[in-house]
Amino acid sequence: MADSLPTEFDVIIIGTGLPESILAAACSRSGQRVLHLDSRSYYGGNWASFNFSGLLSWLKEYQQKSDVAEESTASWQGLIHETEEAITLRKTDETIQHTEVFCYANQDMDDKIEETDALQKNPSSLTSSTLTKPLDSACLSEETHSYVTSYEMPAKDIPKNDGEISLEVSGVEGTLAEEKYCGDETCRHTVSGGDTDENKPIEEDNTDQLKRNRITYSQIVKESRRFNIDLVSKLLYSQGLLIDLLIKSNVSRYAEFKNVTRILAFREGKVEQVPCSRADVFNSKELTMVEKRILMKFLTFCLDYEQHPDQYQAFMQCSFSEYLKTKKLTPNLQHFVLHSIAMTESSCTTIDGLKATKNFLQCLGRFGNTPFLFPLYGQGEIPQCFCRMCAVFGGIYCLRHKVQCLVVDKESGRCKAIIDHLGQRINAKYFIVEDSYLSEKTCSNIQYKQISRAVLITDQSILKTDSDQQISILIVPPADSGTCAVRVTELCSSTMTCMKDTYLVHLTCSSSKTAREDLESVVKKLFTPYTEAAINEEELTKPRLLWALYFNMRDSSGVSRSSYNGLPSNVYVCSGPDCGLGNEHAVKQAETLFREIFPSEEFCPPPPNPEDIIFDGDDKQPEVSGTNNIIMAKLDSSEGSKNLESPGKHLEN
């Protein structure tokens, strides 16, 4: 058949999340024949990013999946031999639950969208079983909702020149010019350390606050492409494993980054900025001179606490919050250190708190005045960067390609092949599967944790300053014992994740209830629903909430291999996103699995010098066959010069 794939590979990877994509790049780079499959229509799995209408389609897709009956297995069971047995894979993704949508923004009367008008009149929750109506609105036309990625992007939808994921890592200084498709023309945006015409702070009078930034739902829909909304909210530690891997492998040339500009704290009902560097500490108006000296002394100790065991060994069994009380830190300083620098729970151990504080301090100053970087266009760019590296070195990609089962040899107990939805049997030596694809039978002994997530669109920052282009992170301490702190990340329009005059806010915590029950109290503390703000003028000090989504996501990061039932020895499992702020778990997992499979190979080595590459068949072009997005990528001369000699600023040590 025209859509048939090659039948022999070294490694088959199912799922395109971050750890799977890193593994695909590492395997392909080491010379393995890699087939990378995903049943979804987009890259990234639960690590993906969507524009606004794409996010609505993703929600609708989950609602429809709940109504899909299990497909008959008769079509592929005939391909299983007598000496073999099959391990069926899950037909639908069940990692997302309790989705609830709220729309508070007014509907522009010039644009008749009945569904959103109904939402505006009654901003009530829409559970997964009632999502059909608002998601069928005009914004879901085929043109505006597509899960196009870097490998299959139509010419008119390419956000950057030549369809490449530009990976020049922008520093804090320096100016980056980018082109992004918008409507029927290309709009040019300039991202720089200073203010541009677009990013200049808006001076306004208090009497005009009701009229300021009056964003309607139809505007959000029209500007859908301006949004890049992450399913999982994470940042990159500037000295973290992911940054080191991006630099080492030179995958960093496929993406761009911005510094997180502020670390915030929530104390006594107010949001305030936390001083991080020495200059910040001594310039802070929130701290007394005595507090500044005490804080600097403590932070200096944390940088080399291992050299002074006498100062903490007696407190090894205590919580970090109790230990801080013994260091003569004022309650104000204890709050800053615990929730905004160490960013840990009050109950964490002393040694874990000191490690977290040291890690924070070591990351300061590498790329800016905070320890964190954020990828332009969202976290979903990172898995695609590693997928691109895999494709450059010969990996084959198929989206919308379901795998029915794994074929296991009864005698050896090893997996031999997969059978896909087309009935094709594809053989391989090693198989890597993302947890969400495994069946209930395989996962019957596992009790999964959950992550509570909220995505908000607001009209102003939670802490207004002279500049309206701030990227902020805030930890809101738990209000009651037994509950978790909530991490809040606020993104401005210069991150290319939201439209101008709006902010995209992510809330994350470990689940104890549904996402809405876990997070709504924090949302009410920080924001005012648009409908209330129009009436209650005294609430205008808070940002106005225009739109909100709550959902729970499965956290499979703590599951050990032995917990899965009947897993063949050459089948390896990657977990989905964890609840942590960084990406350390995903990188560690990918490297651990790679070294287990290929112990003699280097993990993601630097790319070869273009001058040293010997090309096989320069005159031949990569072939793309069928309609199932099969991409057979080879490194030809033009690709080599384009990808390996990328100009501009890059992440460097």
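Parameters and conventions
Residues numbered from 1 in each chain as written. Predicted model: local features only at pLDDT ≥ 70, side-chain atom pairs only at ≥ 80, totals over all residues. Heavy atoms only, no water. UniProt positions renumbered as here; feature names shortened; annotations may be inferred. Helix = DSSP H or I, 4+ residues; strand = E, 2+ residues; numbered from the N terminus. Buried < 20%, exposed > 50% of the residue type's maximum accessible area, 1.4 Å probe, protein only. Contact = heavy atoms within 4.5 Å. Areas by Shrake-Rupley, 256 points an atom, 1.4 Å probe, with all protein chains shown as cover. Pairing = 2+ DSSP bridges. Axes fitted to C-alpha atoms, helices over the stretch in contact; angles between N-to-C directions. 1 Å grid on protein atoms, 1.4 Å probe; cavity = no way out; pocket = protein on both sides within 12 Å on 5 of 7 lines; lining within 4 Å. Points joined across faces, edges and corners; volume = space filled by probe spheres on them. Nonpolar A, V, L, I, M, F, W, Y, C, P; charged D, E, K, R; others polar. pLDDT = per-residue confidence, 0-100. Salt bridge = Lys/Arg side-chain N within 4 Å of Asp/Glu carboxyl O. Domains from an automatic or database assignment. Phe/Tyr/Trp six-rings, centres within 6.5 Å; stacked < 30°, edge-to-face > 60°. Lys NZ or Arg CZ within 6 Å of the ring centre and 35° of its normal.

The name an unreviewed UniProt entry assigns to the protein is Rab proteins geranylgeranyltransferase component A, from the organism Acinonyx jubatus. The Function (unreviewed entry) field of the UniProt record for the protein holds the comment "Substrate-binding subunit (component A) of the Rab geranylgeranyltransferase (GGTase) complex. Binds unprenylated Rab proteins and presents the substrate peptide to the catalytic component B. The component A is thought to be regenerated by transferring its prenylated Rab back to the donor membrane." Under the Subcellular location (unreviewed entry) heading, UniProt states for the protein: "Cytoplasm, Cytosol".

J.: Teacher, can you tell me more about the overall build of the protein here?
T.: Counting secondary structure elements, the protein contains 17 helices and 26 strands. Residues counted as buried form 57% of the 653 residues belonging to the protein. In the protein, of all internal contacts separated by at least 6 residues, the share reaching a separation of at least 24 is 74%. Accessible surface, the protein: about 27700 Å² in total, of which carbon and sulfur atoms supply 47%.

J.: Please explain the sheet that holds strand β4 (residues 84-88) as it appears in this structure.
T.: Ordered by their spatial adjacency, four strands build an open sheet running β4-β15-β16-β17, and the pairing between neighbours is antiparallel. Either end of the sheet is taken by a strand with one partner, and the two such strands are β4 and β17 (425-427). Geometrically, the sheet is characterised by an average inter-axis angle of 30 degrees between neighbouring strands, direction not taken into account. As defined by bridge partners, strand β16 (residues 415-420) adjoins β17 across three bridges and the pair is classed as antiparallel.

J.: Quick question: what am I supposed to make of the sheet that holds strand β9 (residues 236-237) here?
T.: Sheet strands pair by backbone hydrogen bonding; their relative direction is either parallel or antiparallel. As summarised here, the arrangement of the three strands in space is β9-β13-β10, forming an open sheet in which the pairing is antiparallel. Across the chains shown, the open sheet's two edge strands, defined by having one partner strand only, are β9 and β10 (257-259).

J.: Please clarify how unusual backbone geometry should be interpreted in this entry.
T.: Excluding glycine, a negative phi dihedral is what most residues carry, and trans is how most peptide bonds are arranged. Although it is not a glycine, Met343 sits at a positive phi angle of roughly 55 degrees. Mapped onto the elements of the fold, Met343 is located in the loop between α11 (331-341) and α12 (350-363). On the basis of relative accessibility, which here comes to 17%, the residue Met343 falls in the buried class. Of note in this structure, Arg400 is not a glycine but carries a positive phi near 55 degrees. Along the chain, the position of Arg400 falls in the loop between β14 (396-398) and β15 (403-409).

J.: What is the right way to read empty space enclosed by the protein from this model?
T.: Per the stated rule, a full pass over the model turns up four cavities of 30 Å³ or more. Taken as a whole, the second largest cavity spans an internal volume of roughly 60 Å³. Taken together, 15 residues make up the lining of the second largest cavity; nearest its centre are Glu20, Arg40, Gly45, Asn46 and Glu434. Partitioned by chemical class, the residues of the lining of the second largest cavity number three nonpolar, eight polar and four charged.

J.: Please explain the confidence of the model for the protein as it appears in this structure.
T.: Interpretation of the predicted coordinates at a detailed level should be avoided for regions scoring low in pLDDT. Confidence in the prediction for the protein averages 78 pLDDT; 73% of positions are at 70 or higher. Here residues 111-211 is modelled with pLDDT under 50, and outside its nearest four sequence neighbours on either side it reaches 231 contacts, counting other chains as well. The model gives residues 619-650 a pLDDT under 50, and that stretch makes 72 contacts with residues more than four places away or in other chains.

J.: Help me understand α11 in this model?
T.: One full turn of an α-helix is made of 3.6 residues, so residues set three or four places apart face in the same direction. In terms of burial, α11 is a largely internal element, 10 of the 11 residues being buried. Three or more residues of α11 are buried, namely Asn332, Leu333, Gln334, His335, Phe336, Val337, Leu338, His339, Ser340 and Ile341. Packing partners of the buried residues in α11 comprise β11 (262-267), β12 (270-273), α9 (289-303), α10 (320-325), α12 and β20 (472-476). Looking at the residues trailing α11, positive phi occurs at Met343, about 55 degrees.

J.: Explain the environment of Ile426 here, please?
T.: Along the chain, Ile426 falls in strand β17. In this structure Ile426 comes out as buried when scored by relative accessible area, which is 0%. As a C-alpha pair, Ile426 and Phe9 span 417 residues in sequence and 7.7 Å in three-dimensional space. With residues near it in sequence (within four places) discarded, Ile426 still touches Leu5, Pro6, Thr7, Phe9, Ile12, Leu35, Lys416, Ala417, Ile418 and Asp420.

J.: Looking at this structure, I do not really get the pattern of salt bridges. What am I missing?
T.: As a working rule, side chains carrying opposite charge can pair if their charged atoms are close by. For the structure on display, the rule yields 20 salt bridges. A salt bridge links Asp10 to Arg33; the shortest N-O distance between them is 3.1 Å. With Asp10 in the segment before β1 (11-14) and Arg33 in the loop between α1 (18-29) and β2 (34-37), this residue pair connects regions lying 23 residues apart in the sequence. It is possible to trace a salt-bridge network through shared partners that takes in Asp10, Arg33 and Lys429.

J.: Help me out: how do you make sense of the layout of surface pockets in this one?
T.: The calculated volume of the largest pocket comes to roughly 940 Å³. Taken together, 30 residues form the lining of the largest pocket, with Met343, Thr344, Cys579, Gly580 and Leu581 sitting closest to its centre. Classifying every residue of the lining of the largest pocket by side-chain character gives 12 nonpolar, 11 polar and seven charged. Summarising the domain contributions, the lining of the largest pocket has at least three residues from each of domain 1 (8-65 + 72-92 + 377-445 + 557-597) and domain 2 (217-375 + 448-555).

J.: Help me understand the packing of aromatic side chains, please; the structure alone is not making it clear to me.
T.: In this description, an aromatic ring pair is defined by two values, namely the gap between the centres and the angle between the planes. Under the definition given, this model contains 19 aromatic pairs. An angle of 70 degrees between the planes, with centres 5.0 Å apart, marks the rings of Trp58 and Tyr62 as edge-to-face. Of this pair, Trp58 and Tyr62 are both found in helix α2 (residues 52-65), four residues apart, which corresponds to roughly one turn of the helix. The exposure class of Trp58 is buried, given its relative accessible area of 0%. A centroid spacing of 5.5 Å and a plane angle of 55 degrees characterise the contact between Phe594 and Phe603, whose relative ring orientation is tilted. Grouping aromatic residues by their ring pairs yields a cluster made of Tyr42, Phe50, Trp58, Tyr62 and Phe551. Lying across the ring of Tyr254, Arg388 places its NZ or CZ 5.7 Å from the centre. Over the ring of Tyr572 we find Arg561, and its NZ or CZ is 5.4 Å from the ring centre.

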